[in-house]
Amino acid sequence: MASSLDALNQWVMEVARLTCPEQIQWCDGSDTENDALIAQMQADGTLLPLNPETHPRSWLHRSHPDDVARVEHLTFVCTPERDDAGPNNNWMSPADGHAQMDALFDGCMAGRTMYVVPYCMGPIDSPLSRCGVEITDSPYVVANMRIMTRMGAAALARIEREGSFVKGLHSIGELDPNRRYIMHFPEDLAIKSYGSGYGGNALLGKKCHALRIASHQARSEGWMAEHMLILGLENPQGQIHYIAAAFPSACGKTNLAMLIPPEGYRRDGWKIWTIGDDICWMRPGADGRLYAINPEAGFFGVAPGTSEKSNPNALASIQHDTIFTNVGVTADNQPWWEGIDNGQVPVTDWRGEPFDAAKRPAAHPNSRFTVSARQCPSWSPMAEDPHGVPISAIVFGGRRASLVPLVFEARDWTHGVLVGAAMGSETTAAATGTVGVMRRDPMAMKPFCGYNFADYFGHWLSFDQPGANLPKVFHVNWFRKGDDGKFLWPGFGDNLRVLEWMIKRVEGKAGAQDTPIGALPLQGELNLDGLDLSAEAREKLFGLDQAGWQAEFASIGQYLQEYGTRMPEALTALQVSICKAL
Ligand code: GTP
Ligand code: SPV
Ligand code: MN
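Just so it is clear, the model here is predicted, and its values are computed rather than measured.

### Some remarks on the site of ligand 1
- If you check the shell around ligand 1, you find 21 residues, and the closest are A250, K253, T254, N255 and R368.
- Here G252 contributes a backbone N or O atom positioned 2.9 Å from an oxygen atom of ligand 1.
- Between ligand 1 and D278 there is a distance of 3.0 Å, counted from an oxygen atom to a side-chain nitrogen or oxygen.
- Considering ligand 1 on its own, with 660 Å² of exposed area, one finds that the protein chains cover 91% of that surface.
- When residues in the shell around ligand 1 are grouped by element, the largest group, 3 residues, is from helix α9 (residues 253-257).
- Among the residues forming the shell around ligand 1, the class breakdown is 9 nonpolar, 8 polar and 4 charged.
- Two domains each provide a minimum of three residues to the shell around ligand 1, namely domain 2 (226-298 + 380-581) and domain 3 (300-375).

Dropping the structure here:
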């Protein structure tokens, strides 16, 4: 019988014939291999060593200044039918997509090493996990994939056992924004990415595989691939409820996943366990509940705003063995970013130039750290459980300066799906383009859903079956602003108060007031003790702006209509009935 690695070997040879590398290196994920790669990158300036006393085995990488974020306008989903990709994706036919990409890849690795990187998304022994192989000419990508995935020999063994894997082909090319495309071929389980070395464009296990390809696979196999953090909330009785939350890029997933409860809560025995900070794969278990794993093994987190006060767990995680990308540095060569708040000052900015506040921030707004999840003090042992964790609540949330209250609860699953589908959020620096523009970002998946959103909403609705025991669905907004333009809610650790209310709702222990948009906390049911909230803040965080919501629902209706008759009737009908009730 032919080995199931034959398909892999054959593909590697095909790619080598196309891209003409000087040599091929199969990556086993070992320390020796990693040390050699790091030494090589240090020698050629790809990685700059940081202060070894304060940040042992940590490096700074400065990406090309035109290559600092995901490029949504250059990201395509190539399905045979345009409608299967939907209005939510850029589309090209698979034949055209392959032709265009193969022309770019032709000879592009001449003089370079081609790395073959087998990886597993999820615990290596979990039936929920899936494998892939990324071929890349970037050693920086290899080093990051080693942190972000289970990379190397164990993954290769699983691929040999299973025979199937996602094929990801990546080259940094010339890093020319005019010769840059990220293309997905869900039918072939294939990804081709050219011209970028950054984050979600280049670490193909992350957004390309674990969301765009996986969402497509999940639909046909009856599971879900979501842009969600997963956390465990332990109460003073020692019970742990698991919560999954979808917020758009740079809207608070990492921070919520690593939350440290406010002092009084800590004393009472509340604790947050981190399972994942960006991606969640879920599947119904035998008891009808949804079970979730984090397919990733590390964090690729936003640096700016990370401080001892806002996210002490993240800060503790990144004291050693961390790759920083596009941050500033201090005089004694420590990493620095806006909001680090540690009394130090930057001398060099992310482009390597002397820091000048009038010119640009020291750290790029989308600068990141890459670190193993095992370094996080709140990392949960359950994150390695092959069965996953049962989810009690799903939370949707966006960055909304106005209108949207702090928290509300959906009436049932179908309403929850509409709440997710109707999500809006202001754009952030995680993608190129204008920042701060409100756009619809259903389930925080606008940039990541690998097929038509109408079908995706239908897939969500399909989980509501006899015997299902689905999570309660909530919506939050940490980013409401007052008339003075400042955030009304303290956020960060104090978000625990909102999680506590949710869990009390799950357990049937807290009151709520029904409104057309969902249930709002009854006064006194969400603990605000010790917070100094103005009357304006209370009104805006917990009130319902009827006229504002009428306009919002009209706009939601228009948005759903963009998907035509493919949009599930249950959602359009519910949108109409909420409009009438408002
Ligand atoms: P991606 O990695 O891009 O998917 O982002 P993310 O959703 O993990 O966002 P992250 O937690 O990194 O937060 C992004 C920015 O939002 C940071 O600058 C945080 O400081 C800020 N932020 C996070 N939580 C809160 C909050 O509760 N309130 C306020 N005001 N800001 C927050
Ligand atoms: C996001 O943009 O949602 C991220 C960072 O998590 S990236 O890996 O670049 O997609
Ligand atoms: Mn993300």
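Next comes the rest of the description.
### What about the coordination of the manganese ion (ligand 3)?
- Taken together, K207 (NZ), H227 (NE2) and D278 (OD) make up the full set of protein donors to the manganese ion (ligand 3), lying 2.1 to 2.5 Å away.
- For the manganese ion (ligand 3), the 6 donor atoms are set out with angles of 64 to 172° between them, so the coordination reads as irregular.
- Donor residues for the manganese ion (ligand 3) sit on one chain with the sequence pattern K-x19-H-x50-D. Separated by 71 residues along the polypeptide, K207 in helix α8 (residues 205-221) and D278 in the loop between β15 (271-276) and β16 (280-284) bring together distant segments of the chain. Residues K207 and D278 agree in their burial class; the two are buried.

### Section: the domain arrangement of the protein chain
- The domains assigned to the protein chain are domain 1 (2-48 + 68-222), domain 2 (226-298 + 380-581) and domain 3 (300-375).
- The C-alpha-based centres of domain 1 and domain 2 are spaced at 31 Å.
- Opposite the 41 residues of domain 1 that make contact, domain 2 presents 39 residues.
- In total, domain 1 and domain 2 occlude about 3500 Å² of area from one another, counting both sides; carbon and sulfur atoms represent 53% of this.
- Here D84 makes a salt bridge to R566, at a shortest N to O gap of 2.8 Å.
- On the surface where domain 1 and domain 2 come into contact, there are 26 residue pairs in polar contact (both at pLDDT 80 or more).
- Counting only elements with at least two residues in the side of domain 1 that touches domain 2, the list comes to α3 (82-85), β6 (113-121), α5 (139-148) and α8.
- In terms of residue count, the dominant contributor to the side of domain 1 that touches domain 2 is α8 (12 residues).
- Classifying every residue of the side of domain 1 that touches domain 2 gives 17 nonpolar, 12 polar and 12 charged.

Calculation criteria
- Residues numbered from 1 in each chain as written.
- Chains lettered and ligands numbered in written order.
- Predicted model: local features only at pLDDT ≥ 70, side-chain atom pairs only at ≥ 80, totals over all residues.
- Heavy atoms only, no water.
- Near = heavy atom within 4 Å.
- Polar contact = N/O pair within 3.5 Å; in protein donor to acceptor, adjacent residues only side chain to side chain.
- Areas by Shrake-Rupley, 256 points an atom, 1.4 Å probe, with all protein chains shown as cover.
- Helix = DSSP H or I, 4+ residues; strand = E, 2+ residues; numbered from the N terminus.
- Nonpolar A, V, L, I, M, F, W, Y, C, P; charged D, E, K, R; others polar.
- Domains from an automatic or database assignment.
- Donors = N, O, S within 2.8 Å, 3.2 Å for Na, K, Ca; no water.
- Tetrahedral: all angles 85-135°; square planar, octahedral: opposite > 155°, others 65-115°.
- Buried < 20%, exposed > 50% of the residue type's maximum accessible area, 1.4 Å probe, protein only.
- Contact = heavy atoms within 4.5 Å.
- Buried area = accessible area lost by both parts, 1.4 Å probe.
- Salt bridge = Lys/Arg side-chain N within 4 Å of Asp/Glu carboxyl O.

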